[in-house]
Amino acid sequence: MSSLSRRHLFGAAAGLVASAAAPRVFAQAPAAPAAAPAPTGPFVLPPLNYAFNALEPHIDARTMEIHHDRHHAAYIANLNTIAKTNPQLGTSAVTDVLGNLNALNDDIKFAVRNNLGGHANHTMFWSIMGPDGGKPEGEVLAAIDRDLGGLEKFQTDFNAAGGRQFGSGWVFVTIAKEGKLAIETRPNQDTPLMDGKRVLLGNDVWEHAYYLNYQNRRADYLKAWWNTVNWKAIGERYAAAKTGTLGV
Ligand code: MN3
């Protein structure tokens, strides 16, 4: 496939990171994430801690590679471009910037909202998935029972909320300081961090997260996604939230 038709196929994201990646052939699923490209600014694409194919059959390797190496990488590239003329962006805590978007100049506010929101959301997303993710236990399970009606009801309600999100967006579980959980959705790359909240977990319901394998069947993706969730990582996020140290 020519690079021109590849660009056409993968749309705007590929165009935005044209400088970041060498041409890549998708005929064979790669076994492991590629090495991260050399940083060109303060923002760096966080590596996946598992292989692209580690979440199969629930999320296929090609979707993971495009999602991580192209979509998330595009947000990183855009942030580094913005940081060239707004260096404070690269030295501020992501949670602080997203929690105070109105403090930004109008010329960058919208781009920061989308790209830093996307960076935060995807950093969270990769970190709460993985192979052999176990089951919810301890304080997290107790909080799910207490606040969300138990695991089965929680997953049903979470999937329903993700299904109702019109167009692109996310479905989250937010966690308040005292540990109380709530299901919330946001459009585009918005995040509860913009409201000063913290995110325990979240699922990406943009079509790019599932379309190659599930096409329009978002409900099937939402249901299968639970097989990829790393409950140990979520337990660690819960504990960090309660001590006020949870970041993105
Ligand atoms: Mn995404």
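Brief notes about the environment of Asp 145
Along the polypeptide, Asp 145 turns up in helix 6 (residues 138–148). For Asp 145, the residues in contact, after removing those within four places along its chain, are Gly 150 and Leu 151.

Structural notes on the coordination of the manganese ion
Every protein donor of the manganese ion is listed here as His 67 (NE2), His 122 (NE2), Asp 204 (OD) and His 208 (NE2), and their distances to the metal cover 1.9 to 2.1 Å. All donors of the manganese ion come from a single chain, and their spacing in sequence reads H-x54-H-x81-D-x3-H. Of the two residues, His 67 is situated in helix 2 (residues 61–85) and His 122 in helix 5 (residues 106–127); the sequence distance between them amounts to 55 residues. The exposure class assigned to His 67 is buried, which follows from its relative accessible area of 2%.

Notes on the pairing of strand 3 (residues 198–204)
Strand residues, when the strand is regular, have side chains that alternate between the two faces of the sheet. Among the seven residues in strand 3, six count as buried, and that is most of the element. With six bridges joining them, strand 1 (residues 169–175) and strand 3 adopt antiparallel strand pairing. Each bridged residue has a counterpart across the sheet, and for Thr 174 the counterpart in strand 3 is Val 199.

Quick look at the side chain of Asp 190
By the secondary structure assignment, Asp 190 is in the loop between strand 2 (181–187) and strand 3. Looking at Asp 190, the relative accessible area reads 7%, which means it is buried. Polar contacts involving the side chain of Asp 190 include one to the side chain of Arg 113, which spans 2.8 Å. Aside from chain neighbours lying at most four places away, what touches Asp 190 is Arg 113, Asn 121 and Phe 172.

Considerations on the nonpolar core
Leu 201 and Trp 225 are the most contacted members of the largest nonpolar core, which has 44 residues in total. Of all the elements in the fold, those that place two or more residues in this core are helix 2, helix 5, helix 6, helix 7 (151–164), strand 1, strand 3, helix 9 (218–225) and helix 10 (231–242). Discounting chain neighbours no more than four positions away, the residues touching Leu 201 are Met 124, Ile 128, Phe 154, Phe 158, Val 171, Phe 172, Val 173, Trp 225, Trp 231 and Ile 234.

Some points on the packing of helix 6 against helix 7
Remark: helix 6 packs on helix 7, axes separated minimally by 8 Å, with the N-to-C direction vectors making an angle of 70 degrees. Taken together, the axes of helix 6 and helix 7 are roughly perpendicular relative to one another. In terms of crossing hand, the pair formed by helix 6 and helix 7 is left-handed. Contact with helix 6, carried on its side by Ile 144, Asp 145 and Leu 148, involves Leu 151, Lys 153 and Phe 154 of helix 7 and no other residues of that element. Taken together, the residues of the contact of helix 6 with helix 7 break down into four nonpolar, no polar and two charged.

Notes on the packing of helix 7 against helix 9
At their nearest, the axes of helix 7 and helix 9 sit 10 Å apart, and the two run at 145 degrees to each other. Crossing of helix 7 over helix 9 shows right-handed handedness. From helix 7, Phe 158, Asn 159, Gly 162 and Gly 163 reach across to helix 9, where they touch Arg 218, Leu 222, Lys 223 and Trp 225. In terms of residue class, the contact of helix 7 with helix 9 is made up of three nonpolar, three polar and two charged.

A closer look at the pattern of salt bridges
Summed over the entire model, instances satisfying the criterion amount to eleven salt bridges. The salt bridge involving Arg 113 is made with Asp 190; its shortest N-O contact spans 2.8 Å. Placement of Arg 113 in helix 5 and of Asp 190 in the loop between strand 2 and strand 3 is noted, with a sequence separation of 77 residues between them. In this structure, Arg 146 engages Asp 147 in a salt bridge whose closest nitrogen and oxygen atoms are separated by 2.9 Å. Look at Asp 147 and you get buried, because its relative accessible area is 19%. Salt bridges sharing partners connect three or more residues here, namely Glu 184, Arg 186, Asp 195 and Lys 197.

Each value, and the rule that gives it
Residues numbered from 1 in each chain as written. Predicted model: local features only at pLDDT ≥ 70, side-chain atom pairs only at ≥ 80, totals over all residues. Heavy atoms only, no water. Helix = DSSP H or I, 4+ residues; strand = E, 2+ residues; numbered from the N terminus. Contact = heavy atoms within 4.5 Å. Donors = N, O, S within 2.8 Å, 3.2 Å for Na, K, Ca; no water. Buried < 20%, exposed > 50% of the residue type's maximum accessible area, 1.4 Å probe, protein only. Pairing = 2+ DSSP bridges. Polar contact = N/O pair within 3.5 Å; in protein donor to acceptor, adjacent residues only side chain to side chain. Core = buried A, V, L, I, M, F, W, Y, C linked by side-chain atoms within 4.5 Å. Axes fitted to C-alpha atoms, helices over the stretch in contact; angles between N-to-C directions. Parallel < 35°, antiparallel > 145°, perpendicular 65-115°, else oblique. Left-handed = near helix turned anticlockwise from the far one by under 90°. Nonpolar A, V, L, I, M, F, W, Y, C, P; charged D, E, K, R; others polar. Salt bridge = Lys/Arg side-chain N within 4 Å of Asp/Glu carboxyl O.

In short, shape yes, function no, at least from these values alone.
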